[in-house]
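Inside the fold
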2 protein chains.
Amino acid sequence: MRIAVDAMGGDHAPAVVVEGAVQAARDGHNVVLVGREPDVRTELTRHAGAPAIEVVHASEVIEMHDHPVSAVRQKKDSSLVAGMRLLKEGGADAYFSAGNSGAVMAAALFVLGRIEGVHRPAIGGVIPLLDGRVFVADIGANPDCDAHNLLQFAQMGAAYMEHVYGLTRPKIGLVSNGEEESKGNALVLATHPLLKSSGLNFIGNVEGKDVTRGVCDVAVCDGFTGNVMLKLAEGMQELMLNLIRQAIMSKPHYKLAGAVLKPGLRSAGKRLDYTEHGGAPLIGIRGPVFIGHGRSNATAILNGIRAAARAAEGGLVSKLEASLAKAEAATV
Amino acid sequence: MRIAVDAMGGDHAPAVVVEGAVQAARDGHNVVLVGREPDVRTELTRHAGAPAIEVVHASEVIEMHDHPVSAVRQKKDSSLVAGMRLLKEGGADAYFSAGNSGAVMAAALFVLGRIEGVHRPAIGGVIPLLDGRVFVADIGANPDCDAHNLLQFAQMGAAYMEHVYGLTRPKIGLVSNGEEESKGNALVLATHPLLKSSGLNFIGNVEGKDVTRGVCDVAVCDGFTGNVMLKLAEGMQELMLNLIRQAIMSKPHYKLAGAVLKPGLRSAGKRLDYTEHGGAPLIGIRGPVFIGHGRSNATAILNGIRAAARAAEGGLVSKLEASLAKAEAATV
């Protein structure tokens, strides 16, 4: 599987993107770096003895603060858009970018298009749990949604967890401000009955706390709520590790015990680290497209490339298409 | 200061409410328990040697799953509503309930009414941070809001942090799915310019991660988003403590070090524990009304009563009125 990587995407591009791509190439992945060739080649020279990596030149760069749709329209030769074309034209089997996520979505829509019947593709995110993980969709592609969008996120999320993680009838929760059916904003109140009659394994409304307890495999929400949740989860992790660090430093005998425990605490923290969990899949698009965190380091890039390769190998898109067609047929 | 306490409100009422009220009375607080007198008296007999606590009988109970507005209309003699009347009629100076938060809001609106100029009162919540805290509003009263509502939450939140925590020109952040001004759902995009020209110390959009880093003193959002955030913060805390526990149990020498560190880790966890931080103020209502977590234990009830007493002593309501009148005058 050949993975097109947006070399200019992310807060620390191209340096960390190239570094992550080199690691992936060393792992045996077939990577194509798309971006400003001179800059990318300069970065590649920093990695002596690395396998040769193909570079496809693209002269423009879409910045994090660019308006997604207009940037994609205007910067046709940006790395972000050119990589997507490479996937479309068969020059790659999957795509990864840690760049402007709105622009990745817009480019995916323009260049690859939606799976038939999908109104609004979503970005899926994973929160690792004590035992397993929860797939949250949408985490940012669609800040404003309607109930039908959320129904489709549930259908696509279920298919993703079935085919990528091998779950049978994944449990679907609807993120709300209370477990009771009467709780919710206007969107949640309108979505609840659709999920109830969807044929999915819908367990009802879930609160923030239920999500982290793993009561559902897929947590459905609009992209605004999902994005706030995912970033708050990161922030809480950071806050707690800092509080623990502070506690350890407060007394000499804590410091000693803390030194012994350090590797254990580090591995606990790593369990929740987004950089360990690859990119976020764009679900509902005709192609395996993965978006990395803007703040991605090289490990995050490497894991994003791995996730994209896995999805391409597993035929994710055709499986999503089949699932949605089945759901559609059931409602007709 | 005399605090009216809804004895029947919360998942573990009346037992833990009475227990918390007894603790408050032992601390010298003047508490009035409102609820089914026989049940409340039975609970009171479990606390031998407790100071005498006045009980005001109310025959009905509003349940957690009751529809807020119709419950308040129909159950006029519920503890939740009767306690609010006691405050209105001068029989109490502040009010606390761990019951159905929507019903507390509805009762506060019907019985006490809004501060002049306030369109939608909000519930404020506190997330404790490494250094200080952030006040989040709304955390659940208004699942659907408009931009003007959010502007007022910012004004009231600023006044709250000024008068209860002594901050000067509190920093206001607008919760969004990105720091850039161009990011947000329709509500956030409409609110941003209002906050910019409000005269408040508005620092711009804040992501979930910024909130826990303490970049702002007041995080403004609709009640749906705020509720999901607060409960996810709780859930992440629980998840991380479980992960750490798992790490500690994984190796014999970790277990030893863990035993030494236990009190330190416990105090770190306690820093984030909602039961330590009192109830959530209902801001924008003509009276100091505090709502406790439905899952409140006796300590949470005690701290809620303390917070209500502090607010009443500080003249919170008249200070909010003055702040809002000033904001109003500035925009005319």
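Further up the page is the structure itself.
Scope of this entry: the structure provided in the associated data block. Quick caveat, the model's predicted, so the values are computed rather than measured.

**Looking at the state of the cysteines**
Residue and element names in this part refer to chain A. With the rule as written, the count across this model stands at zero disulfides over all chains. Unpaired in this structure, Cys216 has its nearest cysteine sulfur neighbour in Cys221, at a distance of 9.9 Å. On the accessibility criterion, Cys216 (1% relative accessible area) is buried.

**As for the relation of the copies chain B and chain A**
Note on the identical chains: chain B maps onto chain A by a rotation of 180° and an axial translation of 0.0 Å, with an RMSD of 0.1 Å. Those values place the two copies in the arrangement expected of a two-fold rotation axis. Considering only C-alpha atoms, the residue of chain B closest to the rotation axis is B:Ala257, which sits at 2.2 Å. The overlap is high: 100% of the interface residues of chain B also sit at the interface in chain A, so the same surface is used on both sides.

**Here's the deal with the packing of aromatic side chains**
Residues and elements named next belong to chain A. One pass over the full model with this rule turns up four aromatic pairs over all chains. With a centroid separation of 4.7 Å and an interplanar angle of 25°, the aromatic rings of Phe135 and Tyr160 are classed as stacked. In this pair, Phe135 is assigned in strand S6 (residues 133–137) and Tyr160 in helix H6 (residues 147–165), connecting sequence segments 25 residues apart. On the accessibility criterion, Tyr160 (6% relative accessible area) is buried. Grouping aromatic residues by their ring pairs yields a cluster made of Phe135, Tyr160 and Tyr165.

**A closer look at the sheet that holds strand S6 (residues 133–137) of chain B**
Residues and elements named next belong to chain B. Taking strand neighbours across the sheet as the criterion, the 11 strands line up as S3-S2-S1-S4-S11-S10-S5-S6-S9-S7-S8 in an open arrangement whose pairing is mixed. Either end of the sheet is taken by a strand with one partner, and the two such strands are strand S3 (54–57) and strand S8 (201–206). For this sheet the average axis-to-axis angle between neighbouring strands, irrespective of direction, equals 30°. Here four bridges tie strand S2 (residues 30–35) to S3, and the two strands are oriented parallel to one another. Residue pairing across strands places Val32 opposite Glu54, the latter belonging to S3. Sitting on the sheet, helix H2 (residues 37–45) touches S2 and S3, and the angle it makes with S3 is about 155°. In the packing of helix H7 (residues 186–196) onto the sheet, the strands contacted are strand S7 (171–175) and S8, and the crossing angle to S8 comes to about 160°.

Parameters at a glance
Residues numbered from 1 in each chain as written. Chains lettered and ligands numbered in written order. Predicted model: local features only at pLDDT ≥ 70, side-chain atom pairs only at ≥ 80, totals over all residues. Heavy atoms only, no water. Disulfide = S-S within 2.5 Å. Buried < 20%, exposed > 50% of the residue type's maximum accessible area, 1.4 Å probe, protein only. Least-squares fit on C-alpha atoms with pLDDT ≥ 70 in both. Contact = heavy atoms within 4.5 Å. Phe/Tyr/Trp six-rings, centres within 6.5 Å; stacked < 30°, edge-to-face > 60°. Helix = DSSP H or I, 4+ residues; strand = E, 2+ residues; numbered from the N terminus. Pairing = 2+ DSSP bridges. Axes fitted to C-alpha atoms, helices over the stretch in contact; angles between N-to-C directions.

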